[in-house]
Amino acid sequence: VWRNDFDHENVGYLREHVVKGVPILPAAGYLESLLELCRVHYGESSGYAVRDVEIAAPMIITAERGLDFTTSFDAATSRAVIRSLENGRLGTGSVHLNATVHPISEISDRKFDFREQLEQFESETDVHAFYESLGSVGLNYGPLFQTVRRLHLDDGRVMAKVEIDPSLEHDLSKYLMHPTMLDGCFQTLIGMLDSSDTTYLPTHIEELCIYVQQAPTNLWCVGKRVHQTANSVTCDLQLVDEAGRLI
């Protein structure tokens, strides 16, 4: 079991992830914790996979509400559970996420020609207007979470360049994938959805694979809508670096 304190100033930036006026831990924050678990338990593997992610409840992280963030892991089943507890409290706490984690032994060296794909988009979306539209449905991201630099949308597809804020670069060595970067990729998926007045948040992830020990400071995300109903949307997402290597 690992226990982290959200009162530490190094993670204060997470409170810039605001939904309907309430700062909550982004899904990317949970996922980065699971990737760190992989690195601790499996060592420097060729890659890591987080599978069958179920986010059961949001974790509210206001400055006034001291929380401890615990990650428990059962090596026999590869299952991880993330809970929260009020500072100093004992007990099981509130369950926020269940998932399984695994090492990846072999990876493909295939590159993705995202520049060729980029030419298929007719126009570029204004990023400022994009963040204003997210704010209109209750997704109010602070400056450190506004990591989308370029955005191209077209009929259920998205390509976007995401870049970390320079003020956070000094902490990059602590992360495989900085939460503000991965969250920026998730944000781009919202831009291609049919409904413009619904607030969508990640609640299930079938599989997340990462093939690097540290993601670069900027990357391209390539997404597509697979299926959409009145209550849910399923999307696929690939992340690549400037050379087209899969991240």
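Keep in mind the model is a prediction, meaning the values are calculated, not measured.

What counts, and where the lines are drawn
- Residues numbered from 1 in each chain as written.
- Predicted model: local features only at pLDDT ≥ 70, side-chain atom pairs only at ≥ 80, totals over all residues.
- Heavy atoms only, no water.
- Helix = DSSP H or I, 4+ residues; strand = E, 2+ residues; numbered from the N terminus.
- Expected span 1.5 Å × (residues − 1).
- Buried < 20%, exposed > 50% of the residue type's maximum accessible area, 1.4 Å probe, protein only.
- Core = buried A, V, L, I, M, F, W, Y, C linked by side-chain atoms within 4.5 Å.
- Contact = heavy atoms within 4.5 Å.
- pLDDT = per-residue confidence, 0-100.
- Axes fitted to C-alpha atoms, helices over the stretch in contact; angles between N-to-C directions.
- Parallel < 35°, antiparallel > 145°, perpendicular 65-115°, else oblique.
- Patch = residues over 30% accessible without salt bridge, like charges linked within 9 Å, V, L, I, M, F, W, Y side chains within 5 Å.
- Areas by Shrake-Rupley, 256 points an atom, 1.4 Å probe, with all protein chains shown as cover.
- Salt bridge = Lys/Arg side-chain N within 4 Å of Asp/Glu carboxyl O.
- Lys, Arg positive; Asp, Glu negative; His and termini not counted.
- Charge placed at Lys NZ, Arg CZ, Asp CG, Glu CD.

Quick look at helix 1 (residues 27-42)
Item 1. In a regular helix each residue adds 1.5 Å, so 16 residues correspond to 22 Å; helix 1 covers 22 Å between its end C-alpha atoms and thus fits that length.
Item 2. Three or more residues of helix 1 are buried, namely Ala27, Ala28, Gly29, Tyr30, Leu31, Glu32, Leu34, Leu35, Leu37 and Cys38.
Item 3. Positive phi appears at Gly43, one or two residues downstream of helix 1, with a value of about 75°.

Looking at the nonpolar core
Item 1. Counting residues in each nonpolar core, the largest one holds 62 residues, and the members touching the most others are Leu34, Val50 and Met177.
Item 2. At eight residues, the largest contribution of residues to this core is made by helix 1.
Item 3. Every residue in contact with Met177, bar those within four places of it in the chain, is listed here: Glu32, Leu35, Leu182, Ile210, Ala215, Leu219, Leu239 and Ile247.
Item 4. Of all hydrophobic cores here, the second largest spans eight residues; its members include Phe112, Leu118, Phe121 and Val222.

Brief notes about unusual backbone geometry
Item 1. If you check the backbone angles, Asp52 has positive phi at about 55° while not being a glycine.
Item 2. If you trace the backbone, Asp52 turns up in strand 4 (residues 47-55).
Item 3. Even without glycine at this site, Ser78 takes up a positive phi of about 65°.
Item 4. Residue position: Ser78 is located in the loop between strand 5 (67-74) and strand 6 (79-86).

Observations concerning the confidence of the model for the protein
Item 1. When pLDDT is averaged along the protein, the result is 90, and 94% of the positions lie at 70 or above.
Item 2. The least confident element of the protein is strand 1 (residues 2-5), whose mean pLDDT is 77; the most confident is strand 4, at 97.

A word on the packing of helix 3 (residues 127-136) against helix 4 (residues 179-190)
When two helices pack together, their arrangement is captured by the angle between the axes and the distance separating the axes.
Item 1. As a packed pair, helix 3 and helix 4 sit with axes 11 Å apart at the nearest point and diverge in direction by 80°. Regarding the angle of helix 3 to helix 4, the classification is roughly perpendicular. Each of Phe130, Tyr131 and Leu134 in helix 3 lies in contact with helix 4, whose residues at this interface are Gln187, Thr188 and Ile190.

Quick look at a negative patch on the surface
Item 1. Taken together, the side chains of Asp52, Glu54, Glu206 and Asp236 define an acidic patch exposed on the protein surface.
Item 2. Tracing the chain through its elements places Glu54 in strand 4.
Item 3. Here Glu54 falls in the partly exposed class, since its relative accessible area comes to 40%.

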